[in-house]
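Each chain, written out:
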Amino acid sequence: MSNQRFRNDLNNNSDPDFDLDAYIDEQANAGDQNFEQEFDSHPTTKRNLLALSVILIPAVWFFLSDPFSIFSDDSNFTSSQAGQTIVVERPEPDVRVITAPAAPIPRQDFNFNFETGNGIADLGMSYTEYLAQLKEYGYLDYFGGSASTRLYQNNVPVEYIDQFGKAEVLNNFGSTSISRLYQNQVPFEYIQNLADAGLLENFGSTSISRLYQNQIPFDYIIGFKEAGILEDFGSTSISRLYQNNVPREYISELAEAGYLDNFGSTSIVRLHKNQVPASFLKILDDKGLLDDMSSESVVTAYELEGQ
């Protein structure tokens with residue numbers, strides 16, 4: 001519409017001084033004034049409320065919610081005044097690992113109430129009756145023909161065998177071992193003590209019989225295990241050391257100094273009886289003399305040194 005009017009004005013205007021550029025500017029300014037009049041004609045209150053809501057809604061959402069929650073994981077985020085994100089690391093929890101104490105080795109001094117030389121009572125039953133009793137207790141399949149014969153000939157009661165089975169240590173002993181233990185009058189309670197301390201791997205039936213017959217206190221045997229020197233001594237050596245009143249502390253002192261390879265139980269007994277301390281052995285060792293000396297030579301040197 002305005003373009004048509006513009007063309008008409010141009011065609012009807014015959015004024016030679018007509019300024020086309022001025023006319024175009026006038027028409028353009030007139031259009032801007034009409035637009036401003038139309039825009040100013042709307043109410044200002046509604047426009048102000050709309051502008052205010054645009055500002056307030058994001059601000060309220062920002063302060064009442066966590067705008068960074070979608071980016072967070074196990075860390076805490078806070079926003080600084082400069083608009084930078086500050087990562088706050090959560091402290092690691094103080095978790096204490098409590099190690100359960102090792103189960104104490106039972107220390108039971110056994111009552112050695114037996115009389116050497118007592119005869120073993122006869123079973124009072126036939127061999128077939130013995131086999132029937134083994135079957136009744138569930139051990140017939142465990143012992144073959146020769147094994148059951150050996151047990152029967154050594155008068156080993158099935159009740160004695162049953163104690164091994166109930167304690168689940170029957171696999172540690174064959175018929176010969178069980179017969180030997182029974183013939184040496186070793187009560188099963190003594191064997192049970194050794195089993196509870198984990199010593200059945202260290203001693204067979206012969207060693208167990210020797211320890212029992214020599215009345216070696218259970219506590220003395222355990223001391224070798226706790227000192228880590230049980231592998232260096234058999235039942236005969238342990239019996240000899242105990243019967244000669246050699247304390248475990250003296251043996252442990254020699255072991256810590258590394259001298260158990262130089263001396264056996266007989267030599268240790270001699271050194272202890274002559275009160276040779278481990279410190280004197282170290283003097284000889286530092287001089288390169290110990291490897292060429294017997295326990296008798298050490299005792300002589302110790303006496304000549306006037307110690």
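First, a word on scope: everything that follows refers to the structure included in this document. (Residues numbered from 1 in each chain as written. Predicted model: local features only at pLDDT ≥ 70, side-chain atom pairs only at ≥ 80, totals over all residues. Heavy atoms only, no water.)

## Description of the overall build of the chain
When helices and strands are counted, the chain shows 15 helices and two strands. Counting across all 307 residues of the chain, residues that qualify as buried make up 29%. Within the chain, counting contacts between residues at least 6 apart in sequence, those at least 24 apart form 59% of the total. (Helix = DSSP H or I, 4+ residues; strand = E, 2+ residues; numbered from the N terminus. Buried < 20%, exposed > 50% of the residue type's maximum accessible area, 1.4 Å probe, protein only. Contact = heavy atoms within 4.5 Å.)

## Quick word on the nonpolar core
Within the largest apolar cluster, 62 residues are counted, with the highest numbers of intra-cluster contacts made by Ile161, Phe164, Ile178, Ile191, Ile208, Ile268 and Val298. Broken down by element, the residue count for this core peaks at five residues, all from helix H10 (residues 218–226). In contact with Ile191, other than residues within four places in its own chain, are Tyr160, Phe164, Phe173, Leu181, Val186, Leu200 and Ile208. (Core = buried A, V, L, I, M, F, W, Y, C linked by side-chain atoms within 4.5 Å.)

## Things to note about the packing of helix H6 (residues 158–166) against helix H8 (residues 188–196)
Packing of H6 against H8 brings their axes to within 11 Å, and their N-to-C directions diverge by 15°. With respect to their mutual orientation, H6 and H8 come out roughly parallel. The element H6 and its partner H8 pack so that their crossing is right-handed. Contacts from Tyr160, Gln163 and Phe164 in H6 reach Phe188, Glu189 and Ile191 in H8. (Axes fitted to C-alpha atoms, helices over the stretch in contact; angles between N-to-C directions. Parallel < 35°, antiparallel > 145°, perpendicular 65-115°, else oblique. Left-handed = near helix turned anticlockwise from the far one by under 90°.)

## Examining the pattern of salt bridges
Per the stated rule, a full pass over the model turns up four salt bridges. Residues Arg248 and Asp219 are paired through a salt bridge, measuring 3.6 Å at the closest nitrogen-oxygen approach. You can see Arg248 sitting in helix H12 (residues 248–256) and its partner Asp219 sitting in helix H10, a full 29 residues away along the chain. Look at Asp219 and you get partly exposed, because its relative accessible area is 24%. (Salt bridge = Lys/Arg side-chain N within 4 Å of Asp/Glu carboxyl O.)

## A look at the packing of aromatic side chains
Summed over all chains, the structure comprises twelve aromatic pairs. Pairing Phe164 with Phe188 gives two aromatic rings, centres 4.9 Å apart and planes at 65°, and the pair type is edge-to-face. Residue Phe164 is located in helix H6, and its partner Phe188 is located in helix H8; the two are separated by 24 residues in the primary sequence. Phe164 sits in the buried class, given a relative accessible area of 0%. A relative accessible area of 7% places Phe188 in the buried class. (Phe/Tyr/Trp six-rings, centres within 6.5 Å; stacked < 30°, edge-to-face > 60°.)

## Thoughts on unusual backbone geometry
Trans is the prevailing form of peptide bonds, just as negative phi is the prevailing case for residues other than glycine. A positive phi angle, near 55°, is found at Asn155, a position not held by glycine. One can find Asn155 in the loop between helix H5 (145–153) and H6. One non-glycine residue, Asn245, lies in the positive phi region at around 60°. With respect to the element layout, Asn245 can be found in the loop between helix H11 (235–243) and H12. With a relative accessible area of 63%, Asn245 lands in the exposed category.

## Some points on the environment of Glu201
Locating Glu201 in the fold gives a position in the loop between H8 and helix H9 (205–213). C-alpha of Glu201 to C-alpha of Asn172: the two residues are 29 residues apart in sequence and 8.3 Å apart in space.

## Description of the packing of H9 against H11
Viewed as axis vectors pointing N to C, H9 and H11 meet at an angle of 10°, and their least axial separation amounts to 9 Å. When the interaxial angle is binned, H9 and H11 end up roughly parallel. Taken as a pair, H9 and H11 cross one another with a handedness that is right-handed. Along its contact with H9, which presents Ser207, Arg210 and Leu211, the element H11 presents Ser235, Thr236, Ile238 and Ser239. In terms of residue class, the contact of H9 with H11 is built from two nonpolar, four polar and one charged. (Nonpolar A, V, L, I, M, F, W, Y, C, P; charged D, E, K, R; others polar.)

## Structural notes on the side chain of Ser209
One can find Ser209 in helix H9. Ser209 gets classed as buried once you look at its relative accessible area, which sits at 4%. Within the local environment of Ser209, its side chain forms a polar contact with the side chain of Asn184, the two groups lying 3.3 Å apart. When residues no more than four places from it in sequence are discounted, the contact partners of Ser209 are Arg180, Leu181, Asn184 and Val186. (Polar contact = N/O pair within 3.5 Å; in protein donor to acceptor, adjacent residues only side chain to side chain.)

## Quick word on helix H13 (residues 265–273)
Among the residues making up H13, those that are buried are Ser265, Ser267, Ile268, Val269 and Leu271. Buried-residue contacts for H13 involve H11, H12, helix H14 (278–286) and helix H15 (295–304). Positive backbone phi, at 60°, marks Gln275, one or two positions downstream of H13.

## What about the environment of Ala255?
Inspection of the secondary structure assignment puts Ala255 in helix H12. Exposure remark for Ala255: the relative accessible area of 23% places this residue in the partly exposed category. Note: C-alpha distance between Ala255 and Ala227 (28 residues apart in sequence) is 8.7 Å.

As far as function goes, none of this settles anything; it's purely spatial.
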